[in-house]
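Notes for the structure review
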Amino acid sequence: MIPTLLEIFQQEYRELRPRPPLPEFHVEFYRFANVNNTIRLRDGRILARVSDLLETAPEPVLRAIAHILVAKLYRKPIAPGQAARYRQYVASHHLSAKVHLIRQMRGRKRIASPQGEVYNLEDIFDELNRRFFHGLLGRPLMTWSQDHARNNLGHFDPAHNTIVVSRIFDRKNVPRFVLEYLVYHEMLHLKYPVKLRGMRRCVHGAEFQAEEKLFPRLEQAKQILKKL
Ligand SMILES: [Zn+2]
């Protein structure tokens with residue numbers, strides 16, 4: 001039997017406080033904009049919120065969070081093993097990438113959308129899909145970034161099947177083929193998926209590079225990108 005989040009909290013409470021009667025708990029997974037977990041005591045009830053990004057975390061990690069929160073609430077020392085288990089899980093690449101994207105998508109007021117002021121990313125995807133991929137690529141979620149990031153022009157997030165393009169390209173003075181090149185590049189990431197290793201985000205294998213060269217005006221697009 002897999003214990004519920006409530007049972008995990010009750011058990012961890014018992015570990016830390018064997019004698020007092022078990023208080024009433026209200027425990028839930030909650031949509032924070034970040035990996036965040038909170039606990040407080042109100043009218044004798046324990047209210048705990050665990051980030052919904054941890055909903056799929058293995059049981060020992062959830063135990064670690066419950067332990068840390070209950071220990072914090074009662075000012076008890078946190079077991080080093082539990083702290084380490086939780087830290088390791090959160091620091092794992094998969095989760096940090098997820099946090100990054102979700103923060104982008106739900107942390108800001110503007111809702112993620114393929115429709116910009118000038119360009120529609122879904123239209124661009126569909127057209128490139130016809131021109132270069134025989135319409136064979138499944139369209140992922142296409143969205144403009146929420147900010148005008150220059151350090152991250154575009155990226156494909158396989159965990160969320162999403163292509164994000166920096167909003168700096170949603171301008172009239174950005175030629176369409178330059179934006180097309182960016183989207184084409186991300187579509188190649190879709191076509192040639194890679195296992196994420198460490199912090200390397202962008203892996204361009206031989207096949208990837210060969211196919212990228214098929215893009216007309218590739219060099220011109222790259223030159224313009226440098227100047228933007
Ligand atoms: Zn790349």
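The following paragraphs examine the structure supplied in this document. Quantities reported herein were computed from a predicted structural model and do not represent experimental measurements.

**Describing helix 2 (residues 59-73)**
In this model helix 2 runs 21 Å from its N-terminal to its C-terminal C-alpha over 15 residues, within 8% of the 21 Å that 1.5 Å per residue would give. Within helix 2, 11 of the 15 residues are buried, leaving the element largely enclosed by the surrounding structure. Along helix 2, the residues that are buried comprise Val 61, Leu 62, Arg 63, Ala 64, Ile 65, Ala 66, His 67, Ile 68, Leu 69, Val 70 and Ala 71. Buried residues belonging to helix 2 abut helix 1 (5-16), strand 1 (24-30), strand 2 (37-42), strand 3 (45-51) and helix 3 (80-91). Phi turns positive one or two residues past the end of helix 2, at Arg 75, with a value near 50 degrees.

**Observations concerning the side chain of Asn 37**
Take Asn 37: it is sitting in strand 2. Owing to a relative accessible area of 13%, Asn 37 belongs among the buried residues under this scheme. At a separation of 3.0 Å, a polar atom in the side chain of Asn 37 contacts the main-chain amide nitrogen of Ser 51. Polar side-chain contacts of Asn 37 include one of 2.8 Å to the side chain of Tyr 86.

**A short note on the packing of aromatic side chains**
Aromatic ring pairs are defined here through the distance separating the ring centres and the angle between the ring planes. In total, this model carries eight aromatic pairs according to the counting rule given. With centroids separated by 5.7 Å and ring planes inclined at 40 degrees, the aromatic side chains of Phe 133 and Tyr 184 adopt a geometry described as tilted. One end of the pair, Phe 133, is in helix 5 (residues 121-133); the other, Tyr 184, is in helix 6 (residues 176-191), and 51 residues separate them in sequence. With relative accessibility at 3%, the residue Phe 133 sits in the buried group.

The rules we used
Residues numbered from 1 in each chain as written. Predicted model: local features only at pLDDT ≥ 70, side-chain atom pairs only at ≥ 80, totals over all residues. Heavy atoms only, no water. Helix = DSSP H or I, 4+ residues; strand = E, 2+ residues; numbered from the N terminus. Expected span 1.5 Å × (residues − 1). Buried < 20%, exposed > 50% of the residue type's maximum accessible area, 1.4 Å probe, protein only. Contact = heavy atoms within 4.5 Å. Polar contact = N/O pair within 3.5 Å; in protein donor to acceptor, adjacent residues only side chain to side chain. Phe/Tyr/Trp six-rings, centres within 6.5 Å; stacked < 30°, edge-to-face > 60°.

Shape descriptors only; they carry no functional weight alone.
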